[in-house]
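# Observations on chain architecture
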Amino acid sequence: MKKLILSAAVASALFLASCGPSKKDAVAYSDRIVAIGKEIDATSVMFLSQVDGHNVDSLKLAYGKYDSQVASSLEECKNMPPFDKKSDFKDAAVEYFTAVKKLVDNEAKGMVDIMSKDSSQITEQDVTNVKAFAATYDSEYTKALQKVQDAQAVFAKEWKFEIIGSK
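Positions within a chain are numbered from 1, following the residues in the order the chain's sequence is written. The model is predicted, so local features are restricted to residues of pLDDT at least 70 and side-chain atom pairs to those at 80 or more, both for listing and for counting; the totals for chains, interfaces and linings are taken over all residues. Side-chain metrics in this entry use all non-hydrogen atoms of the structure; hydrogen atoms and water are not considered.

Quick look at the overall build of the chain now. Comment: elements are numbered from the N terminus, with helices defined as DSSP H or I runs of at least four residues and strands as E runs of at least two. Assigned secondary structure in the chain consists of five helices and zero strands. Here the contacts in the chain between residues at least 6 apart in sequence split such that 74% fall between residues at least 24 apart. Computed with the Shrake-Rupley method and a 1.4 Å probe, the accessible areas treat only the protein chains shown as cover for residues. Per element, the accessible surface of the chain, about 10400 Å² overall, is 59% carbon and sulfur. Any pair of residues with heavy atoms lying within 4.5 Å of one another is described as a contacting pair.

Below is the structure:
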């Protein structure tokens, strides 16, 4: 009888241990966060290619798409559940998307406002301001991206998988 109880206890413990998320689940979770980021990347590239202001309508359209994508990506990430009751990676991703949204609302919008002026009305100070907005954008974006990449590296190490490629 003792062997039967011990066997049942071991079987129960093994069953319960196997019910948690797997390495495959962790990879899928990480891939989803990366995919959300890549949705932003496409609209970011489109927007940044229009900042020269040669086509104001395209600039405004690209900005609107970028802003909308960042907002929806942020919302999607916020609505993701924690993974295995831990939210460090998700929280870093939300922080990243929040930082990008702030950059879109401030620096990117500032560039759009200036570059939407008639070319005869753009002053040297405007050009200096666009350069300052761009520098701040690049710097803050790089910092935010590094934080989420660091969190992903910790997550990957914890779940024993390799990160292939870059975000």
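Moving on, there is more to tell.
Before going further, it helps to examine the nonpolar core. Only buried Ala, Val, Leu, Ile, Met, Phe, Trp, Tyr and Cys residues count toward a nonpolar core, and they belong to the same one when joined by side-chain atoms within 4.5 Å. A 1.4 Å probe rolled over the protein chains alone gives each residue an accessible area, and that area as a share of the maximum for its type sets the label: buried under 20%, exposed over 50%, partly exposed in between. Judged by nonpolar contacts, the single largest core of 41 residues is most densely connected at F47, Y66, Y96, F97, V100 and F155. When contributions to this core are tallied by element, the ones reaching two or more residues are helix 2 (23-48), helix 3 (56-78), helix 4 (88-115) and helix 5 (124-159). Broken down by element, this core gets its largest block of residues, 14 residues, from helix 4.

All right, on to unusual backbone geometry then. Despite not being glycine, D84 has its phi angle at roughly 55 degrees, a positive value. If you trace the backbone, D84 turns up in the loop between helix 3 and helix 4. Residue D84 is classed as partly exposed on the basis of its relative accessible area, which comes to 36%. Of note in the backbone geometry, K160 takes a positive phi value of approximately 60 degrees without being a glycine. Checked against the element boundaries, K160 lands in the segment after helix 5. Taking the relative accessible area as the measure of exposure, K160 reaches 63% and is therefore exposed.

The next subject is the pattern of salt bridges. Where charged atoms from two side chains of opposite charge approach closely, those side chains can pair. Take a side-chain nitrogen of Lys or Arg and a carboxyl oxygen of Asp or Glu: if they are within 4 Å of each other, that pair is a salt bridge. On inspection of all chains with the given rule, the structure shows nine salt bridges. For K101, the salt bridge goes to D105, with nearest N and O atoms at 2.9 Å. Within this pair, K101 and its partner D105 are both found in helix 4, separated by four residues, close to a single helical turn. Taking relative accessible area as the criterion, D105 reaches 36% and is therefore assigned partly exposed. Counted as one network, the salt bridges with shared partners bring together R32, E39 and E76.

Contact geometry for helix 2 and helix 5: axes closest at 10 Å, N-to-C directions at 165 degrees. Relative to helix 5, helix 2 is oriented roughly antiparallel. The crossing of helix 2 and helix 5 is left-handed. Contact residues: K23, A26, Y29, S30, V34, D41 and S44 in helix 2; Y137, Y141, Q152, F155 and W159 in helix 5. Side-chain classes follow a simple rule in which Ala, Val, Leu, Ile, Met, Phe, Trp, Tyr, Cys and Pro form the nonpolar group, Asp, Glu, Lys and Arg form the charged group, and the remainder, Gly included, forms the polar group. By residue class, the composition of the contact of helix 2 with helix 5 is seven nonpolar, three polar and two charged. Fitted lines through C-alpha atoms give the axes, limited to the stretch in contact for helices. The angle between two N-to-C directions lies from 0 to 180 degrees. An angle below 35 degrees is read as roughly parallel, one above 145 as roughly antiparallel, one from 65 to 115 as roughly perpendicular, and any other as oblique. Handedness of each helix crossing follows the sense of rotation of the near helix against the far helix: counterclockwise by less than a right angle gives left-handed, clockwise gives right-handed.

Bringing helix 5 into the picture now. Expected helix span is given by 1.5 Å per residue-to-residue step, counting one fewer step than there are residues. The end-to-end C-alpha separation of helix 5 is 52 Å, in line with the 52 Å expected for 36 residues at 1.5 Å each. Within the span of helix 5, buried status applies to D126, V130, Y137, Y141, A144, L145, V148, A151, Q152, F155, A156 and W159. Of the residues flanking the end of helix 5, it is K160, one or two places downstream, whose phi is positive at about 60 degrees.

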